[in-house]
Amino acid sequence: MLHELLLALLGYTGDLIIDEREHQNSAATPLSGDAPISEECSFKLAPDISFIEPSERDLLEKIITLGFYYREIDRFASKARNLSWIRSANASPLERAAELSKSKTERPSVYRRAIANGIVEILSVYRSAVLLIEQKLLSETMPILATVTQGLNKFFVLFPPLYELVLEIERDDIRGGQLLNLLHKRCHCGMPELQACIQRLLWHGHQVMYNQLASWMVYGILQDQHGEFFIRRQEDRDTEQCSSHSDVSEKLARLSTDYTSVTDWHLGFHIFLDMLPEYIHMRIGESILFAGKAVRVLRNPSSAFRFQDQLITRSSQKIQGVTGRFSIQKEPLLDMKLIGEELLPQSDADKIEAMLQGLKEPSEFHKRSFECAVDSIRAIAASHLWQLVVVRANLNGHLKALKDYFLLEKGDFFQCFLEESRQLMRLPPRQSTAEADLMVPFQLAAIKTISEEDKYFSRVSLRMPSFGITVKSPHVDLLKAKAYADGTSGAALSSGNSDISLDGWDGIALEYSVDWPLQLFFTQEVLSKYCKVFQYLLRLKRTQMELEKSWASVMHQDHTYFAKHRNDRINYSKSQQRRQTCRPMWRVREHMAFLIRNLQFYIQVDVIETQWNILQAHIQESHDFTELVGFHQEYLSALISQSFLDLGSVSRILDGIMKLCIQFCWAIENQESSENTPELEHITEEFNKKSNSLYTILRSTRLAGSQRAPFLRRFLLRLNFNSFFEMTARGVLNVVRQRPAITVLNQQEPLNCLEVSE
């Protein structure tokens, strides 16, 4: 009886102690190893035993539950430690298919295997306790059940929670970070023996996590065969929908190390929140993700970067190694590993590995130590990545080039370009040849203004995106304004000029060629923001140039006419009358130029230069790549927000003002008689409305009183230096004015003040 009890404690039933689960089968065969864990205790005393007292039966029923728990926990550990999935990799195809079909429901898990190793340690202690009980029972003349209960007392505390744990793991298919999270929650209990047991299991699970962290943060390799780590490779959900041609092109593109490293940085890896343990903060997870990606970049430089380093090294070897008629040269090819070690020194890699090794040794998980180690590793990776991008790749030179060309720092180049292309831009662009047409004035401007020492201009290319949407040209607006003044139908006008497409020249864009590793910094999103600001600034500069050119053209016509008819008294009086008629028109032009000049000065000086100086200060102070990316994002956001590009109401008004200025310039240049007066009156009226609306919005407390645009008050002060805008805007709000004639008196005050100041 006692021997059968001891065997039952080790999971082996017999005639006196039976397993009801096995007896339910008709053949009464033992359970297979793949059978699921039973949710109820199935070890019972045989019902036909009559020589045991009820009190002893109750005690035996309690004792044999330990045997049931032991068997189920041991079965879980055996299944988790089964390595048949490794052997199937080297088996024949038929055997492998059979093995895979068996394991479809049970996926392998390295975390479960680690937990199973800890469970085996606990079960070995239990088996030793059963062996000790057997020795005691054999040595006693009158063996009693109290010896068994006394020897297994602590396992009555340990086994029920362990059984519930493995049952939940198998039932809910818990693995990876979710398993660590479950164990961490079970550690918080009031029983020291159980807490020590669960902490030991958690320690085994953390060993797997630390090994994965070491592979990721030291070598940049993701070791996660079964999808249990919280860092995962980004899944391409569109792969199945792509054609075979796109699949082939994708595979060919991935052969490039440059493409792979940049793609991995932006889209290659992400944090899988389902596997991130709750006791690891999201910030720490992002630091781990960043450190691994940085190490991948540092250990896998692009082929072009390696070739550049080879050239530099060879040239330095030749210069230093010349002795007489011979030169000492290194081997023609440098080892990729040597360059990788230069970017990430082995000493720092060993330091990272030592930090992670130090985390593996304590028996308990210390959150503070873990976070400090991750922050230190992240700082090392960020520092070396900063060294690569800022120093070796000359980030500041590229930032200056983007400022020169995308932010119009090289004003002489763009002034020359706009002058060369002015006549071309008077006509609607042709979709097929617009970009080629622009290349001629673009190259002429480069020859005249760009020096050969500018090594960044070759990276800049002009692009004319396709414009499928048909919008009106300024010529159409002029004709419609004339039709509006004459009272003619707009339908006939639109039908007669339907072939005129939009002023698509506003879509002129620049592209900047970026090499590895600067693609980590200058993403497509960043370059698109630069392009957005560039298009706005170029349109503003084009408007300013048109206003200046129109003034020069009108003055030239006036002086020519005056010189031709100054001796003719009749024509001389007509010339004076013509001047008096055109004077209000010149005032309107000066009002437009006053607004555009001040807006341009505000953006170029108050916004761009100020933010550029702030960015340069941050670059000098920071030695962290992530901080640098953040500072650059703040720089771009400030440019866009302080230039009002993200405010739809303001940007629409500014677009309308620039459009009206271009229409006005073309109208006064083409003016031959007083026929254009109604359309000029219409343009003037619209300009007054929009300029006053612009001032009203900008001076609102929501903008002028916020930190969004710290230099907006300076811009408003320049506009309203004599309170003209304020009085005009108040009049627009409070008085319903009639449509003004061309001799608008409210344009005179800013002109007089400008004349005095000039």
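What you see is a predicted model; the values in this text were computed from it and never measured. (Residues numbered from 1 in each chain as written. Predicted model: local features only at pLDDT ≥ 70, side-chain atom pairs only at ≥ 80, totals over all residues. Heavy atoms only, no water.)

To continue, consider the overall build of the protein chain. Looking only at helices and strands, one finds 31 helices and 8 strands in the protein chain. By the burial criterion, 47% of the 758 residues in the protein chain qualify as buried. Sequence-distant contacts in the protein chain: of pairs separated by 6 or more residues, those separated by 24 or more amount to 79%. Within the structure as shown, the protein chain displays about 38900 Å² of accessible surface, and the carbon and sulfur contribution to it stands at 52%. (Helix = DSSP H or I, 4+ residues; strand = E, 2+ residues; numbered from the N terminus. Buried < 20%, exposed > 50% of the residue type's maximum accessible area, 1.4 Å probe, protein only. Contact = heavy atoms within 4.5 Å. Areas by Shrake-Rupley, 256 points an atom, 1.4 Å probe, with all protein chains shown as cover.)

You can see Met-545 is positioned in helix α23 (residues 524-565). Sequence separation between Met-545 and Glu-419 is 126 residues, and the spatial gap between their C-alpha atoms is 8.1 Å.

This structure, assessed with the given rule, holds 31 salt bridges. Between Arg-597 and Glu-590 there is a salt bridge, and its shortest N-O distance comes to 3.0 Å. Classification of Arg-597 by relative accessible area gives partly exposed; the value is 31%. (Salt bridge = Lys/Arg side-chain N within 4 Å of Asp/Glu carboxyl O.)

Once that is clear, we can look at the confidence of the model for the protein chain. When pLDDT is averaged along the protein chain, the result is 77, and 72% of the positions lie at 70 or above. Here residues 236-257 is modelled with pLDDT under 50, and outside its nearest four sequence neighbours on either side it reaches 8 contacts, counting other chains as well. Here residues 732-758 is modelled with pLDDT under 50, and outside its nearest four sequence neighbours on either side it reaches 40 contacts, counting other chains as well. (pLDDT = per-residue confidence, 0-100.)

Here we come to the nonpolar core. Counting residues in hydrophobic clusters, the biggest one holds 204 residues, and the most contacted among them are Phe-159 and Phe-370. Sort the elements by how many residues they give to this core and helix α24 (residues 569-621) lands first, with 16 residues. Here this core gathers at least three residues from each of two domains, domain 1 (1-86 + 107-174) and domain 2 (570-737). Beyond its immediate stretch of four places on either side in the chain, Phe-370 contacts Met-209, Tyr-210, Leu-213, Ile-280, Ile-284, Ile-288, Leu-359 and Phe-365. (Core = buried A, V, L, I, M, F, W, Y, C linked by side-chain atoms within 4.5 Å. Domains from an automatic or database assignment.)

Our focus in this paragraph is the packing of aromatic side chains. Evaluation of the coordinates by the stated rule reveals 29 aromatic pairs. Taking the centre distance of 4.9 Å and the plane angle of 75 degrees together, the rings of Phe-413 and Phe-414 count as edge-to-face. Each member of the pair, Phe-413 as well as Phe-414, carries the same accessibility label: buried. With a centroid separation of 5.8 Å and an interplanar angle of 20 degrees, the aromatic rings of Phe-442 and Phe-457 are classed as stacked. You can see Phe-442 sitting in helix α20 (residues 434-449) and its partner Phe-457 sitting in the loop between α20 and β7 (460-463), a full 15 residues away along the chain. By the burial criterion, Phe-442 is buried, and Phe-457 matches it. An aromatic cluster of three or more residues is present, and its members are Tyr-405, Phe-406, Phe-413, Phe-414, Phe-417, Phe-442, Phe-457, Tyr-530 and Phe-534. Above the face of the Phe-156 ring, Lys-62 is positioned so that its terminal group lies 5.1 Å from the ring centre. The lysine or arginine in question, Arg-378, covers the ring of Phe-290, its NZ or CZ lying 5.1 Å from the ring centre. (Phe/Tyr/Trp six-rings, centres within 6.5 Å; stacked < 30°, edge-to-face > 60°. Lys NZ or Arg CZ within 6 Å of the ring centre and 35° of its normal.)

In this section: the environment of Lys-44. Within the secondary structure, Lys-44 is located in strand β2 (residues 43-45). The spatial distance from the C-alpha of Lys-44 to the C-alpha of Glu-61 is 6.5 Å, given a sequence separation of 17 residues. Ignoring anything within four residues of it in the chain, the contact list for Lys-44 reads Leu-16, Ile-17, Ile-18, Glu-20, Glu-61 and Ile-64.

A few words now on helix α25 (residues 625-642). Taking 1.5 Å as the rise per residue, α25 with 18 residues should run 26 Å; its terminal C-alpha atoms sit 26 Å apart, in good agreement. Among the residues of α25, those classed as buried are Phe-625, Leu-628, Phe-631, His-632, Tyr-635, Leu-636, Ala-638, Leu-639, Ile-640, Ser-641 and Gln-642. The opening residue of α25 is Asp-624, an N-cap whose side-chain oxygen sits 2.8 Å from the backbone nitrogen of Thr-626. Immediately downstream of α25, the backbone of Phe-644 shows phi near 70 degrees, a positive value. (Expected span 1.5 Å × (residues − 1). Polar contact = N/O pair within 3.5 Å; in protein donor to acceptor, adjacent residues only side chain to side chain.)

Take the packing of helix α6 (residues 110-139) against helix α10 (residues 192-219) next. For the pair α6 and α10, the least separation of the axes is 8 Å and the interaxial angle reads 145 degrees. As for how α6 packs across α10, the hand of that crossing is right-handed. Contact residues: Val-110, Tyr-111, Ala-114, Ile-115, Asn-117, Gly-118, Ile-119, Glu-121 and Ile-122 in α6; Cys-197, Arg-200, Leu-201, His-204, Gly-205, Val-208, Met-209 and Gln-212 in α10. When grouped by side-chain class, the residues that make up the contact of α6 with α10 number 10 nonpolar, 5 polar and 2 charged. (Axes fitted to C-alpha atoms, helices over the stretch in contact; angles between N-to-C directions. Left-handed = near helix turned anticlockwise from the far one by under 90°. Nonpolar A, V, L, I, M, F, W, Y, C, P; charged D, E, K, R; others polar.)

Before going further, it helps to spend a moment on the state of the cysteines. All told, the structure shown has 0 disulfides when counted by the stated rule. Here Cys-665 is not disulfide-linked; the sulfur of Cys-661 is the nearest cysteine sulfur, at 6.6 Å. (Disulfide = S-S within 2.5 Å.)

Now for the side chain of Glu-170. Within the element layout of this structure, Glu-170 appears in helix α8 (residues 155-171). If near-sequence neighbours (up to four positions away) are discounted, Glu-170 is found in contact with Pro-36, Ile-37, Phe-76, Lys-79 and Arg-112.

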